[in-house]
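Residue-level structural notes
Below are the chains, spelled out letter by letter.
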Amino acid sequence: MKLTQRPRRNRKSEAMRQMVAETELRPSQLVLPLFLVEGICEKQAIDSMPGIFRLSPDLVLKEISRALLLGVKTFDIFPALSDSKKDSVGTESMNKNGLVPTTLKMIRDKFPEVTLITDVALDPYSSDGHDGVVRNGRIMNDETVEILAKMSVLHAQCGADVVSPSDMMDGRVGAIREALDQEGFTDTSILSYSAKYASSFYGPFREALDSAPKFGDKKTYQMDFRNVREALREVELDVSEGADIVMVKPALSYLDIIAKVKAHTYIPVAAYNVSGEYSLIKMGAKAGLIDETRAMVETLYSIRRAGADIIFTYFALPMAQWLNENRY
Ligand code: PBG
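Our subject in this report is the structure included herewith. Because the structure is a prediction, the values reported are computed rather than measured.

Let us now look at the overall build of the protein chain. Scanning the protein chain from N- to C-terminus turns up 11 helices and 12 strands. For a compact globule of 328 residues, the expected C-alpha radius of gyration is about 20 Å, and the protein chain comes in at 20 Å, within 12% of that figure. By its C-alpha atoms, the protein chain is 70 × 45 × 40 Å across when sized along the principal axes. With 328 residues in all, the protein chain has 54% of them scored as buried. Within the protein chain, contacts between residues separated by at least 24 positions form 74% of all contacts whose residues are at least 6 apart in sequence. For the protein chain, the accessible surface area stands at approximately 15600 Å², while carbon and sulfur atoms represent 50% of it. Positive and negative side-chain charges of the protein chain, numbering 41 and 45 respectively, have mean locations separated by a distance of 9 Å.

Listed below in structure tokens is the structure:
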């Protein structure tokens, strides 16, 4: 054949492929979610998430040391609480001596250099398993926002660098910004779950925290997967209310949303490679269907390629290790 253009020439060796690669990923762009439980030396396997554990605060510190050696410097913490700590208004979320505040302080003391993110939503604390206060079967927006603002201030007081509202109530970013500023926390950042879809892929996470909704679903606050422009509207609102970083969640079925959000905003874009996306790869590999490492690498690069600057992922440590070993 007489071909002037032979794209394969640029793929002829590993060195050539590395030279022309368009997408780069660093361990410092990965965020490791951590599930907390009370206790000492407590490490509970989560059946729905192979390789992920609920850890007591002392073991969380060890996990963070391990992550730092690999170049992962950002952590997002989620409490797994017993039912006795849950009620319909999430009272425990404002307990200064609760699991999140005390663990935050411990981490802050030991690792002043890491970036600590906290999840701001009521579901781990709610006896209804919803992200907001429930009255007569309805999720109350404004009442919830007031609690979220207080929770954010508490997290900031205990050393959070970034608070991360994952609840999808209207107006929460503005209310949190105002509350933080009023208390002098002008340097505390807000990473908003701006476009969070009502997704089947959160299943394993809800098992991890035992936080599945007790009735109904989350569709009156989380978004409909058929919508794109609505995501951009949510992002615009959050930016105007003072968000520092916006997030799209889940990641894989929403790569188009990540790309569009990236094009529409000038603040960093995060994506959450959620529990179901993680566990499907783990289980698929266990069943012999796919190669776990290659599927992990391809998946995380696809999220980065779509435009995510930051990726929350349960694969943070193995991926960081892979990146260090392969110097990609
Ligand atoms: C809830 C919250 C959820 C996740 C993070 N924060 C679940 C939900 O909305 O039900 C899911 C994370 C994952 O699936 O990995 N505020």
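Looking at the ligand, there are 18 residues lining it, with Ser166, Arg206, Lys218, Lys249 and Tyr314 nearest. Between the ligand and Ser166 there is a distance of 2.7 Å, counted from a nitrogen atom to a side-chain nitrogen or oxygen. Measuring from a nitrogen atom of the ligand, one finds a side-chain N or O atom of Lys249 at 3.3 Å. Comparing atom positions with the cavity grids shows the ligand to sit within the largest cavity. Residue classes in the shell around the ligand are distributed as 8 nonpolar, 3 polar and 7 charged.

Right, let's get into helix H10 (residues 292-306). Relative to the 21 Å expected for 15 residues at 1.5 Å per residue, H10 spans 21 Å between its end C-alpha atoms, a close match to the ideal helical length. Among the residues of H10, Ala295, Met296, Val297, Thr299, Leu300, Tyr301, Ser302, Ile303, Arg304 and Ala306 are the ones counted as buried. Check the buried side of H10 and you find it contacts helix H8 (255-264), strand E11 (269-273), helix H9 (275-286), strand E12 (310-313) and helix H11 (316-326). Sitting at the amino-terminal end of H10 is Asp291, which places a side-chain oxygen 3.3 Å from the backbone nitrogen of Thr293. Positive backbone phi, approximately 130°, marks Gly307, located one or two places after H10.

Moving on, we get to the pattern of salt bridges. Across all of its chains, the model carries 13 salt bridges by this definition. Here Asp181 makes a salt bridge to Arg177, at a shortest N to O gap of 2.9 Å. Here Asp181 pairs with Arg177, and both are found in helix H5 (residues 172-182), just 4 residues apart, close to one helical turn. Overlapping salt bridges bring together Asp167, Arg172 and Asp238 as one network.

Summarising the element assignment, His155 is placed in helix H4 (residues 141-157). In this view, His155 contacts Val100, Leu104, Thr118, Asp119, Val120, Ala160 and Val163; residues no more than four positions away in its chain are not counted.

Below, the discussion takes up the packing of helix H2 (residues 57-70) against helix H3 (residues 99-110). Direction vectors running N to C along H2 and H3 enclose 40°, while the axes themselves pass 10 Å from each other. Viewed along their axes, H2 and H3 adopt a mutual orientation that is oblique. Here H2 runs over H3; the crossing is right-handed. Of H3, the residues touching H2 (which contributes Pro57, Asp58, Val60, Leu61 and Ile64) are Leu99, Thr103, Met106, Ile107 and Lys110. Broken down by class, the residue content of the contact of H2 with H3 amounts to 7 nonpolar, 1 polar and 2 charged.

Our next topic: a negative patch on the surface. The grouping of Asp47, Asp83, Glu207 and Asp210 at the surface amounts to a negative patch. Relative to the helices and strands, Asp210 is located in the loop between helix H6 (203-209) and helix H7 (229-241). We classify Asp210 as partly exposed; its relative accessible area is 43%.

Locating Asp131 in the fold gives a position in the loop between strand E5 (115-120) and strand E6 (133-135). Take Asp131: its relative accessible area is 0%, and that puts it in the buried class. Leave out the neighbours within four places in its chain, and Asp131 touches Ala121, Leu122, Asp123, Thr144, Ser166, Asp167, Lys196, Lys218, Tyr221 and Gln222.

Turning next to empty space enclosed by the protein. The gaps left among the atoms become clear once a water-sized probe is rolled over them. Throughout the structure, instances matching the rule amount to 3 cavities of 30 Å³ or more. Around the largest cavity sit 14 residues that line it, and Asp123, Lys196, Phe205, Lys218 and Lys249 are the ones nearest its centre. Listing elements by their share of the lining of the largest cavity, those giving two or more residues are strand E9 (189-196) and H6. Looking at the second largest cavity, its volume works out to about 70 Å³. What lines the second largest cavity is simply Met168, Met169, Asp170, Gly171, Arg172, Val173, Glu234, Leu237, Asp238 and Glu241. Breaking the lining of the second largest cavity down by element, the ones donating at least two residues are H5 and H7. Tallying contributions element by element places H7 first for the lining of the second largest cavity, with 4 residues.

Moving on to the layout of surface pockets. A volume near 390 Å³ is recorded for the second largest pocket. Lining the second largest pocket are 21 residues; nearest its centre among them are Gly51, Ile52, Phe53, Glu63 and Arg66. Where the lining of the second largest pocket is concerned, the elements lending two or more residues are strand E1 (30-36), strand E3 (53-55), H2, H9 and H11. Within the lining of the second largest pocket, the residues separate by chemical class into 13 nonpolar, 2 polar and 6 charged.

Calculation criteria
- Residues numbered from 1 in each chain as written.
- Predicted model: local features only at pLDDT ≥ 70, side-chain atom pairs only at ≥ 80, totals over all residues.
- Heavy atoms only, no water.
- Helix = DSSP H or I, 4+ residues; strand = E, 2+ residues; numbered from the N terminus.
- Rg over C-alpha atoms; globule rule 2.2 N^0.38 Å.
- Buried < 20%, exposed > 50% of the residue type's maximum accessible area, 1.4 Å probe, protein only.
- Contact = heavy atoms within 4.5 Å.
- Areas by Shrake-Rupley, 256 points an atom, 1.4 Å probe, with all protein chains shown as cover.
- Lys, Arg positive; Asp, Glu negative; His and termini not counted.
- Charge placed at Lys NZ, Arg CZ, Asp CG, Glu CD.
- Near = heavy atom within 4 Å.
- Polar contact = N/O pair within 3.5 Å; in protein donor to acceptor, adjacent residues only side chain to side chain.
- 1 Å grid on protein atoms, 1.4 Å probe; cavity = no way out; pocket = protein on both sides within 12 Å on 5 of 7 lines; lining within 4 Å.
- Sits in = over half its atoms within 2 Å of the grid points.
- Nonpolar A, V, L, I, M, F, W, Y, C, P; charged D, E, K, R; others polar.
- Expected span 1.5 Å × (residues − 1).
- Salt bridge = Lys/Arg side-chain N within 4 Å of Asp/Glu carboxyl O.
- Axes fitted to C-alpha atoms, helices over the stretch in contact; angles between N-to-C directions.
- Parallel < 35°, antiparallel > 145°, perpendicular 65-115°, else oblique.
- Left-handed = near helix turned anticlockwise from the far one by under 90°.
- Patch = residues over 30% accessible without salt bridge, like charges linked within 9 Å, V, L, I, M, F, W, Y side chains within 5 Å.
- Points joined across faces, edges and corners; volume = space filled by probe spheres on them.

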